[in-house]
Amino acid sequence: MLKGHPKGLLVAFFANMGERFGYYTMLAIFVLYLQANFGFNASQAGDYYGGFLFGIYFLPILGGIIADRFLGYGKTIALGTIIMFVGYMLLASPGFFAMEGKLIIIVSLFVISLGTGFFKGNLQALTGKLYDDPKYAANRDNAFNIFYMGINIGAFFAPHAATGVVNWMLGGKNFSYESTIPHLSNLQATPHPFLDKMTGTLQANFEGVQTYTAKLQHFMSEMNFGGTIQDFITEYPTTLSKGYSGAFAVAAVSMLVSLLIFTIFRKYYKHADVTEKQKEAQAAKEGKKADTVKMSKEEEKKRLVALGLVFVTVAFFWMAFHQNGFTLTIFARDFTVSDVSKFDYLFFDLKSFLPLLAAIGGLILLLRRKSSAKTKAIGAGLTVVGAALGYWAYTTFDQNPTIEPQLFQHFNPIFIVFLTPLIVGFFTWLRKKGKEPSSPRKIGIGMFLTAAGFIVMMSGALKLQSMTGLSPYWLIGTYLTLTVAELFLSPIGISFVAKVAPPRFSGLAQGGWLGATAIGNLLAGLVGKLWDIVEIWQFFALMVGLTILSGIFIFSIMRILENATKSNPEK
Amino acid sequence: MKVRLIIISSLLAGILFMSGCGTDNPMQDLRDASKEIDKIEKQSENIQNKEQAFTVLRDLNGAMKDVREAALALDNKYKNMRVGSDEFKKAKQSEDFKQTMNEFEKINSEIDSSLAVISKNLDPYKDDEEVKKMLNKLQSLLISR
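Here the structure is a predicted model, which is why all the values come from computation and not from measurement.

Parameters and conventions
- Residues numbered from 1 in each chain as written.
- Chains lettered and ligands numbered in written order.
- Predicted model: local features only at pLDDT ≥ 70, side-chain atom pairs only at ≥ 80, totals over all residues.
- Heavy atoms only, no water.
- Helix = DSSP H or I, 4+ residues; strand = E, 2+ residues; numbered from the N terminus.
- Buried < 20%, exposed > 50% of the residue type's maximum accessible area, 1.4 Å probe, protein only.
- Expected span 1.5 Å × (residues − 1).
- Bend = angle between axes of the 7 residues up to and from the residue.
- Patch = residues over 30% accessible without salt bridge, like charges linked within 9 Å, V, L, I, M, F, W, Y side chains within 5 Å.
- Areas by Shrake-Rupley, 256 points an atom, 1.4 Å probe, with all protein chains shown as cover.
- Salt bridge = Lys/Arg side-chain N within 4 Å of Asp/Glu carboxyl O.
- Lys, Arg positive; Asp, Glu negative; His and termini not counted.
- Charge placed at Lys NZ, Arg CZ, Asp CG, Glu CD.
- Contact = heavy atoms within 4.5 Å.
- Buried area = accessible area lost by both parts, 1.4 Å probe.
- Polar contact = N/O pair within 3.5 Å; in protein donor to acceptor, adjacent residues only side chain to side chain.
- Axes fitted to C-alpha atoms, helices over the stretch in contact; angles between N-to-C directions.
- Parallel < 35°, antiparallel > 145°, perpendicular 65-115°, else oblique.
- Left-handed = near helix turned anticlockwise from the far one by under 90°.
- Nonpolar A, V, L, I, M, F, W, Y, C, P; charged D, E, K, R; others polar.

**Some thoughts on the environment of Val497(A)**
All names here are of chain A.
So, point 1. Residue position: Val-497 is located in helix 19 (residues 472-500).
So, point 2. Its relative accessible area of 0% is what places Val-497 among the buried residues.
So, point 3. Val-497 sits 191 residues away from Ala-306 along the chain, and the two C-alpha atoms are 9.6 Å apart.

**Comments concerning helix 19 of chain A**
Residue and element names in this part refer to chain A.
So, point 1. Taking 1.5 Å per residue, 29 residues should reach 42 Å; helix 19 reaches 41 Å between its end C-alpha atoms and fits that length.
So, point 2. Its axis deflected by about 35° at Glu-486, helix 19 carries its strongest bend there.
So, point 3. Counting buried residues along helix 19, 22 of its 29 residues qualify, which places the element largely inside the surrounding structure.

**Considering a positive patch on the surface**
Residues and elements named next belong to chain A.
So, point 1. Positive charge collects at one region of the surface, where Arg-368, Arg-369, Lys-370 and Lys-432 lie side by side.
So, point 2. Of note, Lys-432 is situated in helix 17 (residues 411-432).
So, point 3. By relative accessible area, which is 72% here, Lys-432 ends up exposed.

**Brief notes about the interface of chain A and chain B**
So, point 1. Between chain A and chain B, the contact holds 55 residues from the first and 56 residues from the second.
So, point 2. The contact between chain A and chain B buries some 4900 Å² in all, and 70% of this surface belongs to carbon and sulfur atoms.
So, point 3. In this structure, the connection of chain A to chain B is made through one salt bridge.
So, point 4. The partner of Lys197(A) in a salt bridge is Glu105(B), with the nearest N and O atoms 2.6 Å apart.
So, point 5. Counting across the chain A and chain B interface gives 12 residue pairs in polar contact (both at pLDDT 80 or more).

**A closer look at the pattern of salt bridges**
So, point 1. Across all of its chains, the model carries 17 salt bridges over all chains by this definition.
So, point 2. The residue Asp38(B) makes a salt bridge to Lys42(B) at a minimum N-O spacing of 2.9 Å. Taken together, the positions of Asp38(B) and Lys42(B), both in helix 2 (residues 26-44) and four residues apart, correspond to about one turn of that helix.
So, point 3. Given the relative accessible area of 31%, Asp38(B) is considered partly exposed.
So, point 4. Note on Lys42(B): relative accessible area 51%, which makes it exposed.
So, point 5. Of the charged contacts in the structure, one is a salt bridge between Arg68(B) and Glu69(B), with a shortest N-O distance of 3.1 Å.
So, point 6. Judged by relative accessible area, Arg68(B) falls into the buried class, the value being 5%.
So, point 7. One network of salt bridges, with partners in common, ties together Glu299(A), Lys302(A) and Arg303(A).

**Here's the deal with the environment of Phe335(A)**
So, point 1. Relative to the helices and strands, Phe335(A) is located in helix 13 (residues 327-335).
So, point 2. Once residues lying within four places of it in the same chain are set aside, the contact partners of Phe335(A) are Ile330(A), Leu464(A), Gly469(A), Leu470(A), Trp531(A), Ile536(A) and Lys137(B).

**Examining unusual backbone geometry**
All names here are of chain A.
So, point 1. A positive phi angle, close to 60°, is found at Asn-174, a residue other than glycine.
So, point 2. Take Asn-174: it is sitting in the loop between helix 6 (140-171) and helix 7 (181-189).
So, point 3. The exposure class assigned to Asn-174 is exposed, which follows from its relative accessible area of 62%.

**With respect to the packing of helix 18 (residues 439-463) of chain A against helix 21 (residues 536-556) of chain A**
Residue and element names in this part refer to chain A.
So, point 1. In the contact formed by helix 18 and helix 21, the axes pass within 8 Å of each other and the chain directions differ by 165°. Overall, the two elements helix 18 and helix 21 adopt an arrangement that is roughly antiparallel. Between helix 18 and helix 21 lies a crossing of left-handed hand.
So, point 2. Looking at the contact of helix 18 with helix 21, its residues break down into 21 nonpolar, five polar and one charged.

**Brief notes about a nonpolar patch on the surface**
Residues and elements named next belong to chain A.
So, point 1. Together, Ile-445, Phe-448, Ile-548, Leu-549, Ile-552 and Phe-555 line one region of the surface with nonpolar side chains, adding up to about 450 Å² of accessible area.
So, point 2. Elements represented by at least two residues in the nonpolar patch include exactly helix 18 and helix 21.
So, point 3. If one sorts the elements of the nonpolar patch by residue count, helix 21 sits on top with four residues.

**Remarks on the side chain of His192(A)**
So, point 1. As for its position among the elements, His192(A) is in the loop between helix 7 and helix 8 (193-205).
So, point 2. In contact with His192(A), not counting residues within four places along its chain, are Asn186(A), Leu187(A), Tyr212(A), Leu72(B) and Asp75(B).

So, in structure tokens, the structure goes:
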């Protein structure tokens, strides 16, 4: 898969993977952290979630300007990684130093966003520059698919790292994870005269109505806690908070790893780490003609308009897609059956899921007609070992294992890693037949696929009218469909930007792509506020409607977009 | 092109508008929820089978969720106080608290009488598996988030 690619791609791949691992470790627990620490409801958590994600994806515009005009790509990327490290450490500090208040959280979120702004778009621009070399130019689309896999390998392990750290911290005090305890502790600690009265009314009419005190006592006995209820409501949230802080510290460490990779292997991308402005300055210094791409103002305008139109439309994709860390996580917690069978749990535990994936991969190698005898032997080995390890893991599970809501987030990245070769192969097959859709068409199809993903959710939510909790496979099905949509839209979009952007605005254009993501994320938070207002199926129906309209819009401007892709600048 | 841009801008504006929906008046929200529970009470008079019992209970859970949110919003005023503290004792003596509590109790008694009827009408179906699951949800609904 790496044949015909420069070594610099691997540096970008691993640096990106490290950064995304930290980011998604933090994101996997972010809403739960806010709800646990500050007692936020979905709407309040949505303000922080939407605002943070807006910063993460909007500030790359600033990062792009800084790189294009002042620092160049490499220095801006390295600086961004250091800033992110500081931000994650700040975010981790309240749990460890018993600091209170939301200000430190807001400041740290801003610092992380700023660092990401310096890092993300410029790494994409630098990767695109590696393919300005005619030797590699034809592989640009594939390069971004590989680059995108790096993001998702990092994202796949992230929720497990977050869960692992949180459980480790809780386990140290003989606690186990119970998502409701922080809220119950808050109810126990502060006066709730109106809620208490209403609880009394409900108790008078229905048997078995629970009070927060009784529920907390139940958990205390389950965890063999010897102290008073006051001790419990102090110690449990503090320990959980430390667990969350530990996960944020893991994110900080992964920034350092990313920085190390990017710095040590600089020689592999150094030649591409030159902006148009730096080329001109260097040429002027040497008294030579600069080797830059010339483009008329009119051509630049045409391309910027095409980019702008794509940016507006993809904002709606990200609005829908980024419900994954927000309303879909809340759906997983509140409306999905959490006590599952041992078989279902195979897909939620890394020690069984990874061997199973290895077994499936091995089976593909074994059955593929083109495989050599050696490859078939490796495939057979993988299948046997993967299946054996998977079965061993299966035997270690409890009879009724419990799924934690954040674990659903590992499906998207793993689907990306597995589906990327299939989608790339599909496009290659279409290209050979002369039927490959243009990049803007792929983006449009991606919008309709997104709608299909939410149709799955809407159907599931409608079933909730006659049952209490859905099987986890509904959410898994949605993640699968949304992932296919993402593969049609996101790497192709980044490649489209790299192809169409006027060279003197390379960093800024990648920042613009991420800026569109920022608008989408902001909308994700805003739309998420409707979660508490409308019926669940109506919420998903709204997602379906908005994404279908966006798909129609992109097909209505297809000619403008395809013309921009076809035109070639002079060099 | 202008028309298309207007359409896409309208979509954005629509989202912004919708996200601002909902009131900031918990007592009004409670009144609305009480009316909803009153409707459910009438609906419960005609329960013929377990499916209808389930639907009534599902709707009741939805309405009680609104009640919970309204009650929590009213309680929010005391979020920085401790249970049994002098500060909270003082707050309970205030005119504002007494007035709010009076109004709350009026609505609460309406809800109480509706719940009594609903519960009685659900009695024959309380052993059904799906109804039981929904009842379990109701039992922990006020302390969930």
